[in-house]
Amino acid sequence: MQRPIMKDEAFLGRVSAPATQDDLAVGDDLRDTLDAHAHECVGMAANMIGVGRRIIVFADDLTGRSMVMFNPEIVAKAEPYEASEGCLSLAGERSATRYRRITVTYRDRRWRERTARFEGYTAQIIQHEVDHCDGILI
Ligand SMILES: [Zn+2]
């Protein structure tokens, strides 16, 4: 189910709590909401739909599908660069230091522990959304 976009910076500035299996439906709502905004947005975190849990979704370059991650954690990163990014919850573009290659651990929707490597634009989106989970607004 698509949900409205949260724009309250005080809410978005809070650190999100770990997700549990009770939050699987939030992952579905997050994916539906991203799909509804696909023309203007490539990734979202759960607090952007008003749920303070560590859940992200992004458009995966390789599969072309929206991928949901629960409790994503960036465990390795390499090759920093300066990026300019926009955000559906905020007006304008802001700069941030990103890394071209990252390794992420997370739980999938069947709650299996996964580790995956990403690079380039997909890695940048994941870093932006993990920042949202930490209450960081670029
Ligand atoms: Zn954002």
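What counts as what
Residues numbered from 1 in each chain as written. Predicted model: local features only at pLDDT ≥ 70, side-chain atom pairs only at ≥ 80, totals over all residues. Heavy atoms only, no water. Salt bridge = Lys/Arg side-chain N within 4 Å of Asp/Glu carboxyl O. Buried < 20%, exposed > 50% of the residue type's maximum accessible area, 1.4 Å probe, protein only. Pairing = 2+ DSSP bridges. Helix = DSSP H or I, 4+ residues; strand = E, 2+ residues; numbered from the N terminus. Donors = N, O, S within 2.8 Å, 3.2 Å for Na, K, Ca; no water. Contact = heavy atoms within 4.5 Å. Axes fitted to C-alpha atoms, helices over the stretch in contact; angles between N-to-C directions. Phe/Tyr/Trp six-rings, centres within 6.5 Å; stacked < 30°, edge-to-face > 60°. Lys NZ or Arg CZ within 6 Å of the ring centre and 35° of its normal.

## Examining the pattern of salt bridges
If you walk through the whole model with that rule in mind, you get 10 salt bridges. Two residues, aspartate 108 and arginine 114, come together in a salt bridge whose shortest N-O distance is 3.1 Å. Judged by relative accessible area, which is 8%, aspartate 108 ranks as buried. Arginine 114 gets classed as partly exposed once you look at its relative accessible area, which sits at 37%. The network of salt bridges with common partners includes Glu85, Arg98 and Asp131.

## Here's the deal with the pairing of strand β5 (residues 113–119)
On a regular strand, each side chain points to the face opposite its neighbour's, so the side chains alternate between the two faces of the sheet. With seven bridges connecting them, strand β4 (residues 90–107) and β5 associate as antiparallel partners. If you follow threonine 105 over to β5, its bridge partner there is threonine 115. Joining the antiparallel neighbours β4 and β5 is a turn of five residues, in which tryptophan 111 adopts a positive phi near 65°.

## Regarding the coordination of the zinc ion
Only Cys87 (SG), His128 (NE2) and His132 (NE2) from the protein coordinate the zinc ion, and they sit 2.0 to 2.2 Å from it. Taken in chain order, the donor set of the zinc ion reads C-x40-H-x3-H. Residue histidine 128 and its partner histidine 132 are both found in helix α3 (residues 120–133); the two are separated by four residues, about one turn of the helix. Comparing histidine 128 with histidine 132, the two get one shared label, buried.

## Let's talk about the environment of valine 26
Structurally, valine 26 is set in helix α2 (residues 24–36). C-alpha of valine 26 to C-alpha of isoleucine 55: the two residues are 29 residues apart in sequence and 8.1 Å apart in space. Not counting chain neighbours up to four residues away, the residues in contact with valine 26 comprise Arg3, Ala46, Ile49, Val51 and Ile55.

## Quick notes on the pairing of strand β2 (residues 55–59)
Of all five residues making up β2, four are buried, and the element is well covered by its neighbours. With three bridges joining them, strand β1 (residues 43–45) and β2 adopt antiparallel strand pairing. Within β2, the position partnered with glycine 43 by the bridge is phenylalanine 58. In this structure, β2 lies alongside strand β3 (residues 66–87), joined through five bridges in antiparallel fashion. Its bridge partner lying in β3, valine 57 is registered against valine 68. As consecutive antiparallel partners, β2 and β3 are separated by six residues, and within that stretch glycine 64 has a phi angle of approximately 75°, a positive value.

## Examining the sheet that holds β3
Ordered in space as β1-β2-β3-β4-β5, the five strands form an open sheet in which the pairing is antiparallel. Pairing within the sheet leaves two strands with one partner each, and these edge strands are β1 and β5. Along the sheet, successive strands turn relative to each other by an average axial angle of 45°, direction set aside. Contacts from α3 reach β1, β2, β3, β4 and β5, with the element oriented near 110° to β3.

## With respect to the packing of aromatic side chains
What describes a pair of aromatic rings is the distance from one ring centre to the other and the angle between the planes of the rings. In this structure the tally under the stated criterion is two aromatic pairs. Seen from their ring centres, phenylalanine 70 and tryptophan 111 are 5.4 Å apart, and the 55° between their planes marks the pair as tilted. Taken as a pair, phenylalanine 70 in strand β3 and tryptophan 111 in the loop between β4 and β5 lie far apart in primary sequence, 41 residues in all. In this arrangement the basic side chain of arginine 100 is found over the ring face of tyrosine 81, its NZ or CZ atom lying 4.2 Å from the centre.

Taken by themselves, the reported measurements are silent on function.
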